[in-house]
Structures are given as C-alpha cells and as structure tokens.
Amino acid sequence: MKSLKYWRRLTRLFYHFRKKSSQLPYLPVRLWIELTSYCNLKCIMCPNQKLTKKDKGYLDFDLYRKIIDEAASFAFEVNLAHRGESLLYPDLIEAIRYAKEHGLFTRLHTNGSLLTSELASSIIDSGLDRLSFSFDGYNKENYEKIRIKGNFDRTIANIIQLLEMKKSLHLKRPRVAIEVIDFTPEETRKKARAKDEFRNRFQGLPLDEMVVKELHNWAGETSAEKPSSVRTICTFPWNALIIFWDGSVLPCSQDFFGSYILGNVKHSSLRDIWNNERMVSLRQKLASKEVADLNPCASCDRLRRKNILGVPKEYLWKFLSKRMP
C-alpha cells in the first residue's frame, strides 16, 4: 500500500476513534484469521486448554480464499494465527502465498516447536512479512514449566535454524521477532543475566526484535480480578476484525471463547458485519465506558492501560512505526 493512502486511512481511523463514531465510513485495516484452534502445547497462562471439542477445528481453505478475496480491497494486514498453533495447519504455506498475492502484509505467530527444516525453508520462500515466536522463559527450567509439553533446546534450535537460513540467503524478510511474557513483577540481577544469556544465543543472526510483554488476563479468563476502572477505550472495534476457524467474526482478539459474536463469514460479508447492529451497539457502549454488563469487556484488563489521546501507548507506536508495512 502506498504511503500516502496509508496515512490518509490511518488519519481517518484516528479521527473517528477520537470522535467515538459508532457507524464507520471505512472498513477494518487489520484481520486476525484463525487457521486452527488446535495447539500442541498447554501453556499455563493460555485459555486454549479450556477449549471444548466443538471449539476446535481447521479453517476450510475455500472459506479462507473468500475472506482474503474480500479483505484485499480494504485491509492492510492479516495475522494468520489466533487461539491455536498455525504450524499445524496443512495449507499454511499456501495461505501465506494467497494473502501475499492479494497484496496483504502477512504476519505469523507461532510457538516454534513444530518448525522443521523443510517448513522453515517454505516459510521463508512464501514471502511472509513478519514471523514472531512466542517464547516464555529465558532458560530450560522456566520455559518448560510455563510451556507444558514444550522442549526448550529443540525450539531454540528450530529458531536458530530458520535465522541461519535467512542469513545465508541475505534476506530482510520475514522480519523475525521473539516475544517473551514477563512473569515476574520486578527486574532482578538474576533475571537480567538470564535475559542477556538468552539474547546471546542469537548473536550474529538476523533476529530483528525481542519483545518483552506484560501478562494480560485474556478478558478475565485467566484471572478473577476485574479492572478497577476503565482508562481507555478498546481500539479493536475501530480498526480490526477477528475470524475464528468456523467463520465466526468477533470484534476483539481477547474474546477467546466467542462471547460476543458479530456474525459469520459463511453467510455474510465482512463489509456487512463491520457496521451491523451488534458492532454499532458495542462501539456505543465502549465509547461511553458502559462496560459493566458487557461480556467479555467488563473483565478485560486491557481497558486500563496507559494511553496517549485515548490510544494505548503500545498500539500507537505500532501503528506509527511497526504494525503496518
């Protein structure tokens, strides 16, 4: 997408978010497309292990094509992951290529434990724009306590193998990041040393970014504690849509169990869902900060984050410098 067009759309989005518009004259700029809800790990902080049998499945590829065909006319980017591990999806490489062929910036988030040499080569060759690894714990002991069924040494080797491939090919893409959730409330010398040792494992390799993230409560699914006050309006209903593997469309990625479903792409277009009655009503309630009876928003800790002009600080920076191509 050309820079001028991008900034025009971003300015328009910001204007209507600040104005608290409930009916929007533009379409979503970002999509989360869940290729599968299955996962091979059982991480202690992830609600995935609570999903029932009926909640698990794989996105039909014909439905995926339908989503991309429509989204190509208005979206900037697609995140090809959500509640599950996308490396389990049999048509992953074809999915990345199809989105790229339609001009979309593509992102993939993975735990990396299933990344074989062949798959790493295919991902690099697919044209993927950004690849992020979810990797919690700077050493074997902590990692395997957090990521149940995970193998620290094997996963590290998988990541290094991909980075070495990227380096040998002299490629800038995919941009590669490692994202670590900080489970400890304060910095200690021991943790700082472990962090430095972890970083050193990738010295000389094209690791573009290491992100340390705060633990959040998945809209109350991992904590009974509710936000003490609403400090900011959730930006998602003004810029994004999330699509589950079964076609269900949601307004926010924190709604892990589909408490607030807007519609289904099997029967409706994203264009129609974007401004339907449920979405407009949600924006109105969020804008007035009346979320006490709104599930899952009432229990979501993301509504009390620090913000600048109403936009969470982390999102503002990503929109301005990293999120979009």
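Residues numbered from 1 in each chain as written. Predicted model: local features only at pLDDT ≥ 70, side-chain atom pairs only at ≥ 80, totals over all residues. Heavy atoms only, no water.

**Q** Let's hear about the overall build of the protein: which residues, and what values?
**A** Each helix and strand in the protein was counted, giving ten helices and 13 strands. Evaluated residue by residue, the protein yields a buried proportion of 54% over its 325 residues. Sequence separation of at least 24 residues holds for 71% of the intrachain contacts in the protein that already meet a minimum separation of 6. (Helix = DSSP H or I, 4+ residues; strand = E, 2+ residues; numbered from the N terminus. Buried < 20%, exposed > 50% of the residue type's maximum accessible area, 1.4 Å probe, protein only. Contact = heavy atoms within 4.5 Å.)

**Q** Would you mind going over helix H6 (residues 152-168) in detail, with residue names and values included?
**A** Between its first and last C-alpha atoms H6 spans 24 Å; for 17 residues at 1.5 Å apiece the expected length is 24 Å, and the two agree. Listing the buried residues of H6 in full gives Phe152, Thr155, Ile156, Asn158, Ile159, Ile160, Leu162, Leu163, Met165 and Lys166. Among the residues of H6, the N-terminal cap falls to Asn151, whose side-chain oxygen and the backbone nitrogen of Asp153 are separated by 3.2 Å. The first or second residue beyond H6 is His170, which carries a positive phi of 55 degrees. (Expected span 1.5 Å × (residues − 1). Polar contact = N/O pair within 3.5 Å; in protein donor to acceptor, adjacent residues only side chain to side chain.)

**Q** Run through the nonpolar core, naming residues and quoting values.
**A** In terms of nonpolar packing, the biggest core is built from 85 residues, with Ile33, Tyr64, Ile123, Leu270 and Leu286 touching the most fellow members. In this structure Leu286 touches Ile233, Cys234, Pro237, Trp238, Val291, Leu294 and Cys297, once residues within four positions along its chain are discounted. (Core = buried A, V, L, I, M, F, W, Y, C linked by side-chain atoms within 4.5 Å.)

**Q** An account of helix H4 (residues 117-126) is needed here, citing residue identities and associated values.
**A** Regarding H4, the residues found buried are Leu119, Ala120, Ile123, Ile124 and Ser126. Here the buried residues of H4 occupy an arc of 160 degrees about the axis, which is enough to place them on one side. Those residues of H4 that are exposed and aimed more than 90 degrees away from the buried face are Glu118 and Asp125. On its buried side, H4 packs onto helix H3 (92-101), strand E4 (105-110), strand E5 (130-134) and H6. Backbone geometry just after H4 places Gly127 at a positive phi near 95 degrees. (Arc of directions from axis to C-beta.)

**Q** Account for the pattern of salt bridges, with residues named and values stated.
**A** In total, this model carries 17 salt bridges according to the counting rule given. Arg173 is the salt-bridge partner of Asp129, the closest N and O atoms lying 2.2 Å from each other. Taken together, the residues Asp129 in the loop between H4 and E5 and Arg173 in the loop between H6 and strand E7 (175-182) connect sequence positions 44 residues apart. In this structure, Asp136 and Arg147 form a salt bridge, with 2.8 Å as the shortest nitrogen-oxygen distance. Of the two residues, Asp136 sits in the loop between E5 and helix H5 (140-146) while Arg147 sits in strand E6 (residues 147-148), which places them eleven residues apart along the sequence. In terms of burial, Asp136 and Arg147 fall into one category: buried. Overlapping salt bridges bring together Arg30, Glu77 and Arg107 as one network. (Salt bridge = Lys/Arg side-chain N within 4 Å of Asp/Glu carboxyl O.)

**Q** Break down the packing of aromatic side chains for me, with residues and values.
**A** Any aromatic ring pair is given by two values, namely how distant the centres are and how the planes are angled relative to each other. Inspection of every chain in the model, using the stated rule, returns 13 aromatic pairs. Both rings, one in Tyr26 and one in Trp274, keep their centres 6.3 Å apart while their planes meet at 55 degrees; by these two values the pair is tilted. Linking Tyr26 in the loop between helix H1 (3-19) and strand E1 (30-33) with Trp274 in helix H8 (residues 270-274), this pair joins segments that are 248 residues apart in sequence. In this structure Trp274 comes out as buried when scored by relative accessible area, which is 0%. Ring centres of Trp32 and Phe236 lie 5.4 Å apart, and the angle between their planes is 45 degrees; on these two criteria the pair is classed as tilted. (Phe/Tyr/Trp six-rings, centres within 6.5 Å; stacked < 30°, edge-to-face > 60°.)

**Q** Lay out the packing of helix H2 (residues 61-71) against H3 in plain terms, naming residues and giving numbers.
**A** As a packed pair, H2 and H3 sit with axes 10 Å apart at the nearest point and diverge in direction by 20 degrees. The angle between the axes of H2 and H3 places the two elements in the roughly parallel class. For H2 against H3, the interelement crossing comes out right-handed. On the side of H2, the interface is formed by Phe61, Tyr64, Arg65, Ile68 and Asp69, while H3 contributes Glu94, Ala95, Ile96, Tyr98 and Ala99. Residues that form the contact of H2 with H3 fall into these classes: seven nonpolar, no polar and three charged. (Axes fitted to C-alpha atoms, helices over the stretch in contact; angles between N-to-C directions. Parallel < 35°, antiparallel > 145°, perpendicular 65-115°, else oblique. Left-handed = near helix turned anticlockwise from the far one by under 90°. Nonpolar A, V, L, I, M, F, W, Y, C, P; charged D, E, K, R; others polar.)

Function-wise, these values are silent; they only describe arrangement.
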